[in-house]
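# Fold and contact review
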Amino acid sequence: MTAEHEKVWKNCLSLIKDNVNPQSFKTWFEPIKPLKVEDKNLTIQVPSQFFYEWLEEHYVTLLRKALDRELGVGSKLEYSIIVDNSNTNARNPHAYTINMPTRNAGYNNKNEVGIPLNVNANIHNPFIIPGLKKINIDSQLNPNYTFDNFIEGDCNRLARSAGFAVANKPGGTAFNPLMIFSSVGLGKTHLVHAIGNRIKEVSPNKSVLFVSSEKFVNQYVDSCKNGNNNDFLNFYQLLDVLIVDDVQFFAKKEKTQEIFFQIFNHLHQNGKQIILTSDRAPRDLKDVDERLLSRFKWGLSADLQVPDLETRISILEHKMYEDGIKLNAEVVEYVAHNIDSNIRELEGALISLLAQASLNRKDIDLDLAKKMVKNFVKNASREISIEYIQKLVSDYYSLSIEQLKSKTRKREIVQARQISMYFAKQLTKAPLKKIGMHFGGRDHSTVIHACQTVSDLMDTDRKFKSDVEEISKRIKINTF
Ligand code: ADP
Ligand code: MG
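Residues numbered from 1 in each chain as written. Chains lettered and ligands numbered in written order. Predicted model: local features only at pLDDT ≥ 70, side-chain atom pairs only at ≥ 80, totals over all residues. Heavy atoms only, no water.

## Thoughts on the overall build of the protein chain
Here is the rule: Secondary structure elements are taken from DSSP: a helix is a run of H or I of four residues or more, a strand is a run of E of two residues or more, and numbering for both begins at the N terminus. Partly exposed residues are those whose accessible area sits between 20% and 50% of the maximum for their type, while under 20% is buried and over 50% is exposed, using a 1.4 Å probe and protein chains only. Any two residues whose heavy atoms approach within 4.5 Å are treated as being in contact. Using a 1.4 Å probe, accessible areas were evaluated by the Shrake-Rupley method; residue-level cover was limited to the displayed protein chains.
Of regular secondary structure, the protein chain possesses 19 helices and nine strands. Within the protein chain, the fraction of its 480 residues that count as buried is 49%. Put simply, of all contacts in the protein chain between residues at least 6 apart along the chain, 72% involve residues at least 24 apart. Within the structure as shown, the protein chain displays about 23900 Å² of accessible surface, and the carbon and sulfur contribution to it stands at 49%.

Set out below in structure tokens:
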């Protein structure tokens, strides 16, 4: 028979699991042991003080929800912390009681890697706002995302400064709509929240609303079901600033596009500000009505790019500063160097590093960072694609991908092409035929020949070998 406390905790975990990403779940929740449940008090054991603080700081809302659901309102969570001294099994005699969140209530902390809590008690249904009083609109803005902590770099300069201009004069610049686009984890959501927060700061009376496209669609569908889509329309047309995140989600949803088109026109004509994000440029949005697309192009579209090493280091340093952590420069540089595609992953890596150091009671040094990067990437299990290999190899030899795929028989290009094929064979599951297709439609025997040539040259040509090893190192992050 399972003990009561184990049952309670197991149920809590299942809710938590749905609301945090797998990496964080593994890092922060798996090491927790339930100890006992008495009245409405659940006691859990955590591996260190640091763990306790981290949970309090980042997951208090979620824990609160889970606990209330299991034990009812008024339940308490107590922590038993394994004390960090000679007797590692000694329990801290002072149990900590969970605090109700005082800030960021209902928001996923930004360290949590971007999965919105769906147990959010603070999200108000826009339809039940009494009398549609502007002032009462809950902006749904995450106060953690500001301009101050949005680090500037070449990768985001245009978008950031356009955003700043809009924030200071919503509806009063040429950037209307302002469309921010990029692939995932590069700061779109952060930036648009920062704009919203800044507007609330500069013009507290403006009604600002942040909404994900997904939620917008759901609200609209509900309003149709409930026969109150006029209220829906009125509500949105009342806003001073409308921020819609991830509009690519509108693709193929014709009815939603239609209503959004109306809202867009109404707001725009009345000098209200519209801010949008998308995972691609407007011209690449598929299955979105032409009329709407042309509206998207009216203002300014600015993209966010992958930050360079220097910016990645600044971002890490800033995060460390915010969390009160000190790491030596070598470690920071190592992490920033190796995790290079996405800021969300970069933050995840830092968190993972802290957790491991805390769990193993070790200082964070380069060794630990190396292990973590290896693990982290394994957990993230990024698939290596042939395109990715082509990109790295062509970057290495300062060639274009077109050259790599071309028919040219220039020696250096042939060699780069063969090396790419060699890695494609080694590191992806693609069959020979498919690899050949990726290189301008060559056949499988060409690929076999390339692999053979590379192996042979590695045995005989030192310079060649060291080139291949260097490229391998660059791909390495993905090969564990
Ligand atoms: P997207 O919406 O493009 O997928 P997010 O806005 O969710 O990306 O950003 C992912 C994470 O990276 C967030 O935690 C965010 O705070 C952080 N981030 C992105 N860009 C920056 C930046 N320039 N400075 C600091 N943190 C950033
Ligand atoms: Mg986003």
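## Considering the confidence of the model for the protein chain
What counts, and what does not: Every residue carries a pLDDT, the predictor's confidence in it, which falls somewhere between 0 and 100.
Looking at the protein chain, the pLDDT average stands at 84 and 86% of residues meet or exceed 70. In this model, residues 84–135 is a region of pLDDT below 50 whose contacts with residues beyond four sequence positions or in other chains number 112 contacts.

## Some words on the site of ligand 1
Condition: Residues are counted as near a molecule or strand when any one of their heavy atoms sits within 4 Å of it. For the purposes of these results, a polar contact is taken to be a pair of N or O atoms within 3.5 Å, where, inside protein, one atom must be able to donate a hydrogen and its partner to accept one; residues adjacent in sequence count only when each atom of the pair is a side-chain atom. In this count, Pro and Cys sit with the nonpolar residues alongside Ala, Val, Leu, Ile, Met, Phe, Trp and Tyr, while Asp, Glu, Lys and Arg are called charged and the others, Gly among them, polar. Each domain's limits were defined by an automated method or a database of domain assignments.
As a structural note, the neighbourhood of ligand 1 is formed by 19 residues, with Gly-185, Thr-189, His-190, Arg-344 and Glu-347 the closest of them. Within the backbone of Gly-187, a nitrogen or oxygen atom sits 3.0 Å from an oxygen atom of ligand 1. Between ligand 1 and Glu-347 there is a distance of 2.7 Å, counted from an oxygen atom to a side-chain nitrogen or oxygen. In isolation ligand 1 offers 560 Å² of accessible surface; the protein chains occlude 95% of this area. Only helix 5 (188–202) and helix 12 (343–360) provide two or more residues apiece to the shell around ligand 1. Residues that form the shell around ligand 1 fall into these classes: seven nonpolar, eight polar and four charged. Each of domain 2 (157–303) and domain 3 (309–373) accounts for three or more of the residues forming the shell around ligand 1.

## With respect to the pattern of salt bridges
We apply this condition: A pairing counts as a salt bridge when a side-chain nitrogen of Lys or Arg comes within 4 Å of a carboxyl oxygen of Asp or Glu.
Counted according to the given criterion, the structure contains 18 salt bridges. Among the ionic pairs, Arg-64 bridges to Asp-68, the shortest N-O distance being 3.1 Å. Taken as a pair, Arg-64 and Asp-68 lie in helix 3 (residues 49–71) at a separation of four residues, close to a single helical turn. If you follow the salt bridges from partner to partner, you end up with Glu-152, Asp-154, Arg-157 and Arg-160 in one network.

## Concerning the sheet that holds strand 6 (residues 208–212)
What counts is decided by this rule: Here, strands pair whenever DSSP counts at least two bridges between them. Here, axes are lines fitted to C-alpha atoms. For helices the fit covers the stretch in contact, and angles between N-to-C directions go from 0 to 180 degrees.
Spatially, 6-7-8-5-9 is the arrangement adopted by the five strands of the open sheet, whose pairing is parallel. Every interior strand has two partners, whereas the edge strands, strand 6 and strand 9 (300–303), have only one. The average angle at which neighbouring strand axes cross in this sheet is 15°, direction not considered. With five bridges joining them, strand 6 and strand 7 (residues 241–245) adopt parallel strand pairing. Paired with Ser-212 across the two strands is Asp-245, which belongs to strand 7.

## Here we look at helix 1 (residues 4–17)
Inclusion rule: By this rule the span expected of a helix is its residue count minus one, scaled by 1.5 Å. Note: the arc covers the axis-to-C-beta directions of the helix.
Over its 14 residues, helix 1 extends 20 Å from the first C-alpha to the last, a length consistent with the 20 Å expected when each residue adds 1.5 Å. Among the residues of helix 1, His-5, Val-8, Trp-9, Cys-12, Leu-13, Leu-15 and Ile-16 are the ones counted as buried. Seen from one end, helix 1 has its buried residues packed into an arc of 160°, which puts them on one side. In helix 1, those exposed residues whose orientation departs by more than 90 degrees from the buried face are Lys-10 and Lys-17. The elements touched by buried residues of helix 1 are helix 2 (22–29), strand 1 (33–38), strand 2 (41–46) and helix 3.

## Examining helix 7 (residues 229–237)
Within helix 7, the full set of buried residues consists of Phe-232, Leu-233, Phe-235, Tyr-236 and Gln-237. On its buried face, helix 7 is in contact with strand 6, helix 6 (213–225), strand 7 and helix 8 (254–269).

## Notes on the packing of aromatic side chains
Selection rule: What counts as a ring pair is set by centres within 6.5 Å for rings of Phe, Tyr and Trp (its six-membered ring), and what kind of pair is set by the plane angle: stacked under 30 degrees, edge-to-face over 60, tilted for all other angles.
The full count for this structure, using the stated rule, is 19 aromatic pairs. Plain terms: the ring middles of Phe-235 and Tyr-236 are 5.2 Å apart, the flat faces sit at 90° to each other, and that makes the pair edge-to-face. Taking relative accessible area as the criterion, Phe-235 reaches 2% and is therefore assigned buried. Look at Phe-260 and Phe-296: their rings are 6.4 Å apart centre to centre, the planes differ by 65°, and that puts the pair in the edge-to-face class. Placement of the pair is Phe-260 in helix 8 and Phe-296 in helix 9 (residues 290–296), with a sequence separation of 36 residues.

## Section: the packing of helix 16 (residues 411–427) against helix 18 (residues 444–460)
Filter applied, for reference: Orientation categories follow fixed angle ranges, with anything under 35 degrees roughly parallel, anything over 145 roughly antiparallel, 65 to 115 roughly perpendicular, and all other angles oblique.
Packing of helix 16 against helix 18 leaves a shortest axis separation of 8 Å and a crossing angle of 100°. When the interaxial angle is binned, helix 16 and helix 18 end up roughly perpendicular. For the pair helix 16 and helix 18, contact is made by Gln-415, Gln-418, Ile-419, Met-421, Tyr-422 and Lys-425 and by Thr-446, Val-447, His-449, Ala-450, Cys-451, Thr-453, Val-454, Ser-455, Leu-457 and Met-458, respectively. Grouping the constituent residues of the contact of helix 16 with helix 18 by class yields nine nonpolar, six polar and one charged.

## Observations regarding the environment of Lys-200
Counting through the fold element by element, Lys-200 comes out in helix 5. Spatially, the C-alpha atom of Lys-200 lies 9.6 Å from that of Leu-141, the residues being 59 residues apart in sequence. Excluding residues within four positions of it along the chain, Lys-200 makes contact with Ser-139, Leu-141, Lys-206 and Val-208. For Lys-200, the side chain forms a polar contact with the main-chain oxygen of Lys-206, separated by 2.8 Å.

## A few points about unusual backbone geometry
In this model, Asn-176 is joined to Pro-177 through a cis peptide bond whose omega is 5°. Secondary-structure assignment places Pro-177 in the loop between helix 4 (157–168) and strand 5 (178–181). The phi angle at Asp-246 is positive, at roughly 65°, despite the residue not being glycine. Within the element layout of this structure, Asp-246 appears in the loop between strand 7 and helix 8. A relative accessible area of 27% places Asp-246 in the partly exposed class.

## Quick word on the side chain of Thr-27
Along the chain, Thr-27 turns up in helix 2. For Thr-27, a relative accessible area of 14% translates into the label buried. Each residue touching Thr-27, except ones within four places of it in the same chain, is listed here: Phe-51 and Ala-355.

## A word on the environment of Lys-326
The residue Lys-326 is located in the loop between helix 10 (309–323) and helix 11 (329–338) in this model. It is 9.4 Å that separates the C-alpha atoms of Lys-326 and Ile-364, two residues lying 38 residues apart in sequence.

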